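Take a look at the letters that make up each chain.
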Amino acid sequence: MPRPEKQPINTTSPHHAGVITCDKCRKRSVAFIRYSGAHLCKEHFSDFVERRVKYEFRRRVHLVGGERIAIAVSGGKDSTVALHLVSKILGKRRNLDIAAITVDEGIKEYRESSLPIVAGHCRELGIEHIVVSFKELFGTTMDEIAKTQRTISACSYCGVLRRAAMNRAAKEWNATHLATGLNLDDSAQSILMNISRGEVERLARLGPHRRVQPGLVPRIQPLRTIPESETTLYAIVNKLRYHDLECPYAPEALRNTYRSVIAELEDKYPGTRHSILKSYDELLPALDKMYPFAGLKTCKCGEPAVGTTCKACELLESLNGKAT
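Before going into details, it helps to say that this report is about the structure given with it.

### Examining the packing of helix α1 (residues 42-60) against helix α2 (residues 77-90)
Move 1: It is the contact of α1 with α2, at a shortest axis distance of 10 Å, that shows an interaxial angle of 75°. Classified by the angle between their axes, α1 and α2 sit roughly perpendicular to one another. Here V49, E50, V53, K54, F57 and R58 of α1 come into contact with α2, specifically with L85, V86, K88, I89 and L90.
Move 2: Tallied by class, residues from the contact of α1 with α2 come to seven nonpolar, no polar and four charged.

In structure tokens:
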């Protein structure tokens, strides 16, 4: 009996001999994008991420020459990816400067292990690396703050002081923009957190900044539409070394509750994070009208403030009873 003719192998099928292939080519898939249903190989996945980051960056920064882009880089996956992608987007433009800013909060056996990683990336990319510390700026460290009697979490102190430190360093470098590694998960969590706590006015103040205010370097978020899982995978497939230790004070963060809620919603209803961000963006014009720009005052430390004292000085004074 003649043997049946062997059928040709369909290598464009997502399932072949247990191997899932890319929807756009015949290469092995490295990612399944649940909210779109796409299987992507390393190259097409990287392109998928890069195109969205380019779009977001160019929405926020109109390059006319002379820009100075500072990037807040802790060494974690998100900020490391932001550093490399902003550098890649801007290429070798001669009329533009880039620098990385790392804040040393003074957390033993945590921050010191990330600093060499950031320094290595900056050397590789030919980018200036600026390091500022809580101890030098504020006379204290996060380890010292964590040991005090507090009514709020250590993360609340850290967030406020980090933002102040980054803004100071960016201003001293004469930055026109300050890019951060905040991703889609971070954005969705912040939106939900402010809504659930009734802090509607803070929604209007969330980054990316749409207006330039004296003393405040406008912040941009190139990874704003990229899920955290995708920044992690991008770093892995592109062999970007990053710092993956968890901060010892992270369990105190209120944000953890909102992270869990959004993760569960996203698992059940893929695309939830994007929908939250889209809804927020559509509400922004109304929020801007409800809470118009009222101008900022200058704190005794030189930083911008809504009142007479900035939030960083308020927190520091609550710890030691004296001005910074």
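### A look at the side chain of T141
Move 1: When you line up the elements, T141 lands in the loop between α4 (134-138) and α5 (142-146).
Move 2: Beyond its immediate chain neighbours, meaning those up to four positions away, T141 contacts E105, G106, F134 and K135.

### What about the packing of aromatic side chains?
Move 1: Under the counting rule described, the total for this entry stands at one aromatic pair.
Move 2: With 5.5 Å between their ring centres and 70° between their planes, F134 and F138 make a pair best called edge-to-face. Of this pair, F134 and F138 are both found in helix α4, four residues apart, which corresponds to roughly one turn of the helix.
Move 3: Sitting above the plane of the W173 ring, R68 keeps its charged end 3.9 Å from the centroid.

### Quick notes on a nonpolar patch on the surface
Move 1: On the surface, V261, L265 and Y269 cluster together into a nonpolar patch covering about 270 Å² of accessible area.
Move 2: Classification of L265 as partly exposed rests on a relative accessible area of 33%.

### Concerning the sheet that holds strand β7 (residues 219-220)
Move 1: One open sheet accounts for five strands, arranged β5-β4-β3-β6-β7; its pairing is parallel. Taken across any chain shown, the strands that pair with only one partner, and hence form the sheet edges, are β5 (128-133) and β7.
Move 2: The sheet contact formed by strand β4 (residues 97-104) and β5 spans six bridges and is parallel. Within the sheet, the bridge partner assigned to A100 lies in β5 and is H129.
Move 3: Contacts from helix α6 (residues 154-172) reach β3 (68-72), β4, β5, β6 (177-179) and β7, with the element oriented near 145° to β4.

Conventions we followed
- Residues numbered from 1 in each chain as written.
- Predicted model: local features only at pLDDT ≥ 70, side-chain atom pairs only at ≥ 80, totals over all residues.
- Heavy atoms only, no water.
- Axes fitted to C-alpha atoms, helices over the stretch in contact; angles between N-to-C directions.
- Helix = DSSP H or I, 4+ residues; strand = E, 2+ residues; numbered from the N terminus.
- Parallel < 35°, antiparallel > 145°, perpendicular 65-115°, else oblique.
- Contact = heavy atoms within 4.5 Å.
- Nonpolar A, V, L, I, M, F, W, Y, C, P; charged D, E, K, R; others polar.
- Phe/Tyr/Trp six-rings, centres within 6.5 Å; stacked < 30°, edge-to-face > 60°.
- Lys NZ or Arg CZ within 6 Å of the ring centre and 35° of its normal.
- Patch = residues over 30% accessible without salt bridge, like charges linked within 9 Å, V, L, I, M, F, W, Y side chains within 5 Å.
- Areas by Shrake-Rupley, 256 points an atom, 1.4 Å probe, with all protein chains shown as cover.
- Salt bridge = Lys/Arg side-chain N within 4 Å of Asp/Glu carboxyl O.
- Buried < 20%, exposed > 50% of the residue type's maximum accessible area, 1.4 Å probe, protein only.
- Pairing = 2+ DSSP bridges.

It is worth stressing that arrangement in space is one thing and function is another; only the former is reported here.
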